[in-house]
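The lines below spell out each chain.
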Amino acid sequence: MKKFSAFCLCVLIAFTAFSSVYLPFTYDIRPGEGVTEQRRLSDYLDTLKYTPGDTPVFVLDSGKEGANVLVLGGTHANEISGIMAAILFIERASIEEGRLFVIPFTNGSASTWRDDKNAVIPPWFEFTTPSGLRRLPYGSRMTNPEHEIEPDPEQFFLANGIALDGSEARNLNRAHPGDPHGTLTQRISAAIVSLIFEEEIDMVHDFHESGTKSRLAYMIVCNPKNLDMGAFAIIDLQMQGIDLKLEESSEEFLGLSHKEFGDKTPALAFLSETPNPGQDSDLTKTPDVVNDPVYPLYHRVSLQVAILRTLCQYLPDFTGKTLEITNIPPFEVLHSEQLYQYYR
Amino acid sequence: MKKGLFLLAIVILLSVAAFANEVIVPTLSQPVMITTAGQSAGAAMMKVLFTKSQIKEFVFEKLVTSEQIEGYKTLVIVAGASSKGLGAAGIDLDGEIERVTTLIEAAKEKGMKVVVAQIEGTARRGASSDQLFSLFIPYSDWVIIVREADTDGFFTSLCEENGIPLTIVEKSIEVSAQLNLVFE
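Here goes a summary of the coordinates provided. (Residues numbered from 1 in each chain as written. Chains lettered and ligands numbered in written order. Predicted model: local features only at pLDDT ≥ 70, side-chain atom pairs only at ≥ 80, totals over all residues. Heavy atoms only, no water.)

Before going further, it helps to spend a moment on the overall build of chain B. Along chain B, the regular secondary structure elements total seven helices and six strands. Reading the secondary structure of chain B in the N-to-C direction produces α-β-α-β-β-α-α-β-α-β-α-β-α. The principal-axis extent of the C-alpha atoms belonging to chain B is close to 75 × 35 × 30 Å. The burial tally for chain B puts 49% of its 184 residues in the buried class. Of all intrachain contacts in chain B linking residues separated by at least 6 positions in sequence, the fraction that spans at least 24 positions is 80%. Taking the average place of the 16 positive charges on the side chains of chain B and the average place of its 22 negative ones, the gap between the two points comes to 8 Å. (Helix = DSSP H or I, 4+ residues; strand = E, 2+ residues; numbered from the N terminus. Buried < 20%, exposed > 50% of the residue type's maximum accessible area, 1.4 Å probe, protein only. Contact = heavy atoms within 4.5 Å. Lys, Arg positive; Asp, Glu negative; His and termini not counted. Charge placed at Lys NZ, Arg CZ, Asp CG, Glu CD.)

Right, here's the structure in full:
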């Protein structure tokens, strides 16, 4: 009886210990043949292990030395064109030269909840692929407050003293370059920076969305050191029938990926914005973030894919290295409902 | 016979009258100095457009001064105010206006042709950008813009008032072809 009681106690203790460790979220991502390895972001930062900030990193390694490119989707988990673009590369791309690192849910914690601003939008969005209906989360802009190690401050201060609302402490795109021993949001950022250095990343691209009437919509933002490359891409994209605006990082507004990754690491740093009807502030009815008649998801995803591919085409000119991506259809094919046929 | 000669005279008279009012785009020469007024990213785009044209002798300097344009035949100013660009360049709008004003004066003294361009469309229309256009277009020899920038007729009116030839393109990628037409 005593032995049985002791055994039950051990089981109870083990169960309690196991339950207190955060089990990583998993979403429906179906790696294609181009994926050579699946890692976790915590592989680059121990203090991120077993936290809700940990997230999958997909590696597409050609085995041939070339450019190393890092793609971030889901820095804001409600900006779904970037998540979908990232997943398209994971499920469809092959890399013939260089390496591509893809993080589809960069702020994984943000994908686990929905804040008040997104309350009218369903928590999942759906699309139909050759294998049937698939569903991915429509999350939030910020880290889940229940996952953070401390409550929001009254005010959040950028490194140069500019004060923002306290909730911005959970905005990953204000936290860069992060702090390996800071808040969860800061540790996610620090892990990305660690990845950039450890893998000798040549270019980082951060996919985002904005409201449809925002001046940020249809924009590529460049760190000043790679503005020329951005200009070439803008002109090239115009030749493809894609009109985008070009802007450089602000000297004042710190903490953003294009600013901090570009300034604090050797990598070229870009960010792109497509218009998401789910982010408009004047919502009179529930927006359809997939089938909006003016800004359908396929339109936004195909733009993101075209932007990344065009930037990669200029890597040899600006870095002397190549990332050769194959098996991704051209813009004119993806810019239709046909886009979803290329997911698994 | 007399009737035919009379009609011919009328036709010639009307043709001369038409050409008398037309503002002709000047022929431009290399080498070219490209700069910005307002430090927007449009200047970087213009550099790319020159790269894609047949013009070979051009240089881009975002903060070029009047002392640095010796030997150049054409000054191309891509105008558009960007607070981010001004911040990155370490200059404020007043300082930028002073720089470009001095630059244009020096260019004119040296007999250079001055071109003002706006190739970013509505993104570079606003109080600060419009201030730059109003200041510098009257001193230009040619203005080239994208149509999206002129939906309110701002550039058309400004160029007409000052007798400046204006070329409007649908997209900025068409600028390269226009450069090929005007440069010798």
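Here we come to the overall build of chain A. When helices and strands are tallied, chain A shows eight helices and 14 strands. Since a compact globule built from 344 residues should have a radius of gyration of about 20 Å, the 20 Å found for chain A is in line with a globular shape. Referenced to the eigenvectors of the C-alpha coordinate spread, the extents of chain A come out at roughly 80 × 45 × 45 Å. Expressed as a percentage of the 344 residues in chain A, the buried residues total 59%. Sequence-distant contacts in chain A: of pairs separated by 6 or more residues, those separated by 24 or more amount to 76%. Of the roughly 14200 Å² of accessible surface on chain A, 53% is carried by carbon and sulfur atoms. Averaged over its 28 positive side-chain charges, chain A has a centre that lies 6 Å from the centre of its 47 negative ones. (Rg over C-alpha atoms; globule rule 2.2 N^0.38 Å. Areas by Shrake-Rupley, 256 points an atom, 1.4 Å probe, with all protein chains shown as cover.)

This part takes up the packing of aromatic side chains. Residue and element names in this part refer to chain A. Taken as a whole, this structure holds twelve aromatic pairs over all chains when the rule is applied. Ring plane angle 75° and centroid distance 6.3 Å describe the contact between Tyr27 and Trp124, whose orientation is recorded as edge-to-face. On the criterion of sequence distance, the pair formed by Tyr27 in the loop between α1 (2–20) and β1 (37–40) and Trp124 in strand β6 (residues 124–129) is long-range, its members being 97 residues apart. For Tyr27, a relative accessible area of 19% puts it in the buried group. Taking the relative accessible area as the measure of exposure, Trp124 reaches 39% and is therefore partly exposed. (Phe/Tyr/Trp six-rings, centres within 6.5 Å; stacked < 30°, edge-to-face > 60°.)

On to the environment of A:Gly73. Here A:Gly73 is to be found in the loop between β3 (68–72) and α2 (80–92). Other than its neighbours up to four places away in sequence, A:Gly73 contacts A:Gly82, A:Ile83, A:Ala86, A:Ile103, A:Pro104, A:Phe105 and A:Thr106.

Residues and elements named next belong to chain B. What the rule picks out here adds up to one cavity of 30 Å³ or more. Approximately 30 Å³ is the volume attributed to the largest cavity. The wall of the largest cavity is formed by Met46, Val76, Val115, Trp142, Ile144, Val175 and Leu179. Where the lining of the largest cavity is concerned, the elements lending two or more residues are β5 (142–146) and α7 (175–182). By residue class, the composition of the lining of the largest cavity is seven nonpolar, no polar and no charged. (1 Å grid on protein atoms, 1.4 Å probe; cavity = no way out; pocket = protein on both sides within 12 Å on 5 of 7 lines; lining within 4 Å. Points joined across faces, edges and corners; volume = space filled by probe spheres on them. Nonpolar A, V, L, I, M, F, W, Y, C, P; charged D, E, K, R; others polar.)

Another point: the sheet that holds strand β5 (residues 99–103) of chain A. Residues and elements named next belong to chain A. The strand order β1-β2-β5-β3-β10-β13-β11-β12 describes an open sheet built from eight strands, whose pairing is mixed. Looking at strand neighbours, the two that pair on one side only are β1 and β12 (245–248), the edges of this open sheet. The average undirected angle you get between the axes of adjacent strands in this sheet is 20°. With four bridges joining them, strand β11 (residues 219–222) and strand β13 (residues 268–275) adopt antiparallel strand pairing. Residue Ile220 lies in a different strand from β13, and its bridge partner there is Ser272. The sheet strands contacting helix α3 (residues 184–198) are β2 (56–61), β3, β5 and β10 (203–210), and the helix crosses β3 at an angle near 165°. Strand contacts of helix α5 (residues 257–264): β3, β10, β11 and β13, with the helix running at about 170° to β13, the strand carrying the most contacts. (Pairing = 2+ DSSP bridges. Axes fitted to C-alpha atoms, helices over the stretch in contact; angles between N-to-C directions.)

Right, let's talk about the sheet that holds strand β3 (residues 74–79) of chain B for a bit. All names here are of chain B. What the six strands build is an open sheet, ordered β2-β1-β3-β4-β5-β6; its pairing is parallel. The sheet is open, and its two borders are formed by β2 (58–60) and β6 (166–169), each paired with just one other strand. Each strand of the sheet is rotated relative to its neighbour by a mean of 20°, with strand direction disregarded. Each of β1 (32–37), β3 and β4 (113–118) is contacted by helix α4 (residues 93–109), which is oriented at about 155° to β1, the strand it contacts most.

The next thing to look at is the layout of surface pockets. One number sums up the size of the largest pocket: a volume of about 780 Å³. Lining the largest pocket are 34 residues; nearest its centre among them are A:Arg141, A:Glu209, A:Ser210, A:Leu216 and A:Gln279. Those elements giving two or more residues to the lining of the largest pocket turn out to be β10 and β13 of chain A. Class assignment of the residues belonging to the lining of the largest pocket gives a composition of eight nonpolar, 13 polar and 13 charged. The space that makes up the second largest pocket amounts to roughly 540 Å³. For the second largest pocket, the lining is made up of 26 residues, of which A:Lys245, B:Glu120, B:Gly121, B:Ala123 and B:Glu148 are closest to its centre. Counting only elements with at least two residues in the lining of the second largest pocket, the list comes to α4 (227–239) and β12 of chain A together with α3 (83–89) of chain B. Ranked by residues supplied to the lining of the second largest pocket, first place goes to β12(A) with three residues.

Read these as spatial facts, not as claims about activity.
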